[in-house]
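Given next are the chains, with one letter for each unit.
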Amino acid sequence: MKRKIHLSVALLSTAITILVAFFMMITFYKFNNNNQMDSLKNTGNLISNVIHLTDADELNTLKTHENTNVRITLIDSDGSVLFDNKADMNNIENHIDRPEVKQALKKGTGQSIRYSTTLGYDTYYYAIKLENNIILRVSHEAENPLTAFSGILPITLLILVLIFIITYYTSSLLANHILRPIEVFTKNIGENISEEAFKYLSVYDELSPFIRTYESQNKEIENKDIDLEEKSTLLDVISSSMGEGIVLLDTSMKIMSINNSGIRLFNGSRNISYSGKDFIRLCRDLDLNQTLEVSIGKKSSNEVMINHNNKYLNIYINPVLRNCELTGLLLLVVDSTEKHKLDIMRREFSANVSHELKTPLTSINGYAEMIKNGMAKGDDITKFASIIKREGERLLSLIDDIIKLSKIEDNSDDNNLEPVNLYTLGKDVVNSLELLAKEKDIQLELKGISIFMKGNKGMLQDLLYNLLENSIKYTNPGGLVQLTICEDSKKTIIKIKDTGIGIPVEHQDRIFERFYIVDKSRSKKIGSTGLGLSIVKHIVEFHKGKISLESEVGKGTEITITF
Ligand code: ADP
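All figures in this text were calculated on a predicted structure; none of them were measured in a lab.

Quick notes on the rules
- Here the residue index of a chain counts from 1 through its sequence in written order.
- In keeping with the model being predicted, local features are shown solely for residues with a pLDDT of at least 70 and side-chain atom pairs are shown and tallied solely at 80 or more, while totals for entire chains, interfaces and linings include all residues.
- Computation of side-chain values: all heavy atoms of the structure, hydrogens and water removed.
- Helix numbers and strand numbers start at the N terminus; a helix is a DSSP run of H or I with at least 4 residues, a strand a run of E with at least 2.
- Each residue is assigned to one of three classes by its accessible area relative to the maximum for its type, calculated with a 1.4 Å probe on protein chains only: buried under 20%, partly exposed between the two thresholds, exposed over 50%.
- By definition in these notes, contact holds between two residues if any of their heavy atoms fall within 4.5 Å.
- Where accessible areas are quoted, they stem from the Shrake-Rupley method and a 1.4 Å probe; at the residue level, only the protein chains shown are allowed to cover.
- The rule for a residue being near a molecule or strand is that one of its heavy atoms must lie within 4 Å of it.
- The term polar contact refers here to a pair of N or O atoms within 3.5 Å; inside protein, the definition further demands a hydrogen-donor-capable atom paired with an acceptor-capable atom, and it admits residues adjacent in sequence only when both atoms are side-chain atoms.
- When residues are grouped by polarity, Ala, Val, Leu, Ile, Met, Phe, Trp, Tyr, Cys and Pro land in nonpolar, Asp, Glu, Lys and Arg in charged, and all others, Gly among them, in polar.
- Helix span, expected: 1.5 Å multiplied by one less than the number of residues in the helix.
- Here a salt bridge means any side-chain nitrogen of Lys or Arg lying within 4 Å of a carboxyl oxygen belonging to Asp or Glu.
- Here, the term nonpolar core denotes a set of buried Ala, Val, Leu, Ile, Met, Phe, Trp, Tyr and Cys residues that are joined through side-chain atoms within 4.5 Å.
- Aromatic rings from Phe, Tyr and Trp, with only the six-membered ring used for Trp, were paired whenever their centres fell within 6.5 Å, and each pair was classed as stacked if the ring planes differed by under 30 degrees, edge-to-face if by over 60, and tilted otherwise.
- Cation placement over rings: the criterion is NZ of Lys or CZ of Arg within 6 Å of the ring centroid and within 35° of the ring normal.
- One requirement defines pairing of two strands: DSSP has to find at least two bridges between them.
- Orientation is described by lines fitted to C-alpha atoms, with helices fitted over the stretch in contact, and by angles between N-to-C directions that extend from 0 to 180 degrees.
- A patch consists of residues exposed above 30% relative accessible area that lack any salt bridge, with like charges linked at up to 9 Å and nonpolar side chains (Val, Leu, Ile, Met, Phe, Trp, Tyr) linked at up to 5 Å.
- We score Asp and Glu as negative and Lys and Arg as positive, and we do not count His or the chain ends.
- A single reference atom marks each charge: NZ on Lys, CZ on Arg, CG on Asp, CD on Glu.

Draft legend 1. Region of interest: the overall build of the protein chain. Helices and strands together make up the secondary structure of the protein chain, namely 15 helices and 17 strands. For the protein chain, buried positions account for 36% of its 563 residues. Here the contacts in the protein chain between residues at least 6 apart in sequence split such that 55% fall between residues at least 24 apart. Accessible surface for the protein chain amounts to roughly 34500 Å². Of this, 55% is attributable to carbon and sulfur atoms.

Here it is in structure tokens:
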């Protein structure tokens, strides 16, 4: 804008200068003309007064002054030329039709200016009627305008230059002054425009609609910016707090965006920026890369499960389309390792359950068959019947344990929470196991204080029963089993300690698994199911507690539960 104004100012200054020069020339030319005519009149009057026009000598004197630039002509009242100091008298024509002569004959004086095409400039004529009706005409060739100008040219040029400079300078100053507020305003565009800049600009009433529009648009943009920022922060928060991985690929399988979970699940490094890198640098799994290529080729959704660094990942691939054109792929990566393990466990569990149920039933069936066919006689019948009873009881306790497990897993007892006095509960359990302990000559002790905790009474009873029963089962006669209920730094602690056979280190991690039994022959004898500790673990988890185990073969086992 400034350049445009400066250009306009320069053009305007030039135009003004040219105009001034033109008018100066016209004025000077007119002034010069008037001057020349006046001087010609003076000369004419002077000659008419001073020289005796009848005197031939004097006229000849004028003729001798051929160098004078004034032409003197004497014309008779009929137009015939009597004397001319410059022209050849033999060829001279009648002058009666000359305008200045005509005027002089009528009014006493006459004047005219005529342009000579041959000379290229004007000639001034002045005629006076003398007393004897003779016309004295003086004429003078006008000065060549260019020659006349050359005299005043330097001063004219100086004036013109000065006019140009002054016009240009003042217009520039004016333009700068007018543009200053706009400049201050525009300099601030893009940043926060200060109040001062607005005040500056508001001096122009004409700009107030523009300011208003600018302000409202600015506010709109600001709001949109905030909106966008909020949306992008929200997206960032969502994607970064998601446990699932999100990966955005372009059509050449380059990573456009990936969240932290995505990097973690593919075992990438948090210090590397994967944006713009090939996906294969993050995951080389052949299956996945081939499926991605298929999805790009067919613009189709796909699902693939891969085993990546001991993790089972379910990857849901979705094409990203814009105007039906594929622009990339969106990958949702779900860690299904736990689910996968659970599936395996469930399958193993079903197989184990069927096996565990089948074994006692087969033996019950077998013995019952023998009794039915009369193959058992006398004492055998009692022996077989007691085996059937024992196997039946084992079957019952197995079914009981399975029901308990599935109940805990379903969290169906979630609403049965109540304040439970663990010490009182422990006392009840100890009492119910007193007989079993006595039979095995094991000393059963309860220590500690009354502590209340909010929990499921039935489950907590099962927990204490299972652990104490295990301790009695796996402790040799003469041993000691202790139950302690205590508190430590506001945590409720249950300890079950025995001086039993202990658990070998290699089994310690696995005894909480379903149907896991350390010594199968021994467990079978004592009617174990391998579900007891699994139930205990689930009950502890249900109450958001922790269970730990310390055991040494031949010395004993201590199980600690902290709520
Ligand atoms: P079970 O019904 O066989 O007792 P559990 O799940 O309760 O099943 O126990 C799993 C295995 O852990 C048992 O077979 C046993 O070998 C071992 N075990 C559990 N408690 C003790 C303990 N107090 N002392 C020694 N071994 C134990």
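Draft legend 2. Summary view of the site of the ligand. Lining the immediate surroundings of the ligand are 20 residues, of which Asn470, Asp498, Val518, Ser528 and Leu533 lie closest. Aspartate 498 is positioned such that a nitrogen or oxygen atom in its side chain is 3.0 Å from a nitrogen atom of the ligand. In the model, an oxygen atom of the ligand is placed 3.2 Å from a nitrogen or oxygen of the glycine 530 main chain. Across the complex, the protein chains shield 97% of the 530 Å² of accessible surface that the ligand would expose by itself. Put simply, the parts of the chain that give the shell around the ligand at least two residues each are helix 12 (457-473) and helix 15 (532-542). In terms of residue count, the dominant contributor to the shell around the ligand is helix 12 (three residues). Grouping the constituent residues of the shell around the ligand by class yields nine nonpolar, nine polar and two charged.

Draft legend 3. Looking closely at helix 12. The end-to-end C-alpha separation of helix 12 is 24 Å, in line with the 24 Å expected for 17 residues at 1.5 Å each. Residues Met459, Leu460, Leu463, Leu464, Asn466, Leu467, Leu468, Asn470, Ser471, Ile472 and Lys473 constitute the buried set of helix 12. Residue asparagine 456 occupies the N-cap position of helix 12, its side-chain oxygen lying 3.2 Å from the main-chain nitrogen of glycine 458.

Draft legend 4. Here's a closer look at the pattern of salt bridges. A complete count under the given rule lists 16 salt bridges for this structure. Glutamate 93 is paired through a salt bridge with arginine 98; the nearest N and O atoms lie 3.0 Å apart. Looking at arginine 98, the relative accessible area reads 16%, which means it is buried. Note that arginine 114 is salt-bridged to glutamate 100, the shortest N-O span being 2.8 Å. Remark: glutamate 100 occurs in helix 3 (residues 99-107) and arginine 114 occurs in strand 3 (residues 109-116); sequence separation between them is 14 residues. Bridged by salt links that share partners, the residues Glu356, Arg390, Glu391 and Arg394 form one connected network.

Draft legend 5. Examining the nonpolar core more closely. Of all hydrophobic cores here, the largest spans 45 residues; its most connected members are Leu463, Leu468 and Ile494. The biggest single contributor to this core is helix 12, with seven residues. Residues Ile255, Ile258, Ile306 and Leu326 belong to the second largest nonpolar core, which totals 24 residues.

Draft legend 6. Structural context of the packing of aromatic side chains. With the rule as written, the count across this model stands at four aromatic pairs. An angle of 70° between the planes, with centres 5.7 Å apart, marks the rings of phenylalanine 22 and phenylalanine 23 as edge-to-face. Seen from the ring of tyrosine 125, arginine 114 lies directly overhead, with NZ or CZ sitting 3.9 Å from the centre. Taking the ring centre of phenylalanine 349 as reference, the NZ or CZ of arginine 514 above it sits at 4.8 Å.

Draft legend 7. Structural context of the sheet that holds strand 6 (residues 245-250). With respect to topology, five strands assemble into an open sheet ordered 7-6-10-9-8, the strand pairing being antiparallel. Each end of this open sheet is capped by a strand with a single partner; those strands are strand 7 (255-258) and strand 8 (302-308). The mean angle between the axes of side-by-side strands here comes to 25°, regardless of whether they run parallel or antiparallel. Contacts from helix 8 (residues 286-298) reach strand 6, strand 8, strand 9 (311-322) and strand 10 (325-335), with the element oriented near 165° to strand 8.

Draft legend 8. Spotlight on helix 15. The buried count for helix 15 comes to nine of eleven residues, which makes it a mostly enclosed element. Regarding helix 15, the residues found buried are Gly532, Leu533, Ser534, Ile535, Val536, His538, Ile539, Val540 and Phe542. Buried residues in helix 15 make contact with helix 10 (379-410), helix 12, strand 16 (546-552) and strand 17 (556-562).

Draft legend 9. Seen up close, a nonpolar patch on the surface. Together, Ile155, Leu158, Ile159, Leu162 and Ile166 give the surface a local cluster of nonpolar side chains, amounting to about 450 Å² of exposed area. Relative to the assigned elements, isoleucine 155 resides in helix 4 (residues 145-188).

Draft legend 10. Spotlight on a negative patch on the surface. A cluster of like negative charges, contributed by Glu222, Asp225, Glu229 and Glu230, occupies part of the molecular surface. Position of glutamate 222 among the secondary structure elements: in helix 6 (residues 208-241). For glutamate 222, a relative accessible area of 41% translates into the label partly exposed.

Draft legend 11. Inspection of the pairing of strand 16 at higher detail. Bridge count between strand 16 and strand 17: seven bridges; the pairing is antiparallel. Counterpart to serine 551 in the pairing with strand 17 is threonine 557. In sequence, strand 16 turns back onto strand 17 through a hairpin of three residues, with glycine 554 there showing a positive phi of about 85°.

Draft legend 12. Broad picture of the side chain of aspartate 285. Mapped onto the fold, aspartate 285 is located in the loop between helix 7 (260-265) and helix 8. Buried charged residue aspartate 285 carries no salt bridge. Nearest counter-charge: arginine 284, at 11 Å. A distance of 3.1 Å separates the side chain of aspartate 285 from the backbone nitrogen of aspartate 287, its partner in a polar contact. With residues near it in sequence (within four places) discarded, aspartate 285 still touches Ile306 and Asn307.

Draft legend 13. The arrangement of unusual backbone geometry in detail. Even without glycine at this site, asparagine 310 takes up a positive phi of about 65°. Among the secondary structure elements, asparagine 310 is positioned in the loop between strand 8 and strand 9. If you check the backbone angles, serine 489 has positive phi at about 40° while not being a glycine. Along the chain, serine 489 turns up in the loop between strand 14 (480-488) and strand 15 (491-498).

Bear in mind that shape data such as this cannot, by itself, settle questions of function.
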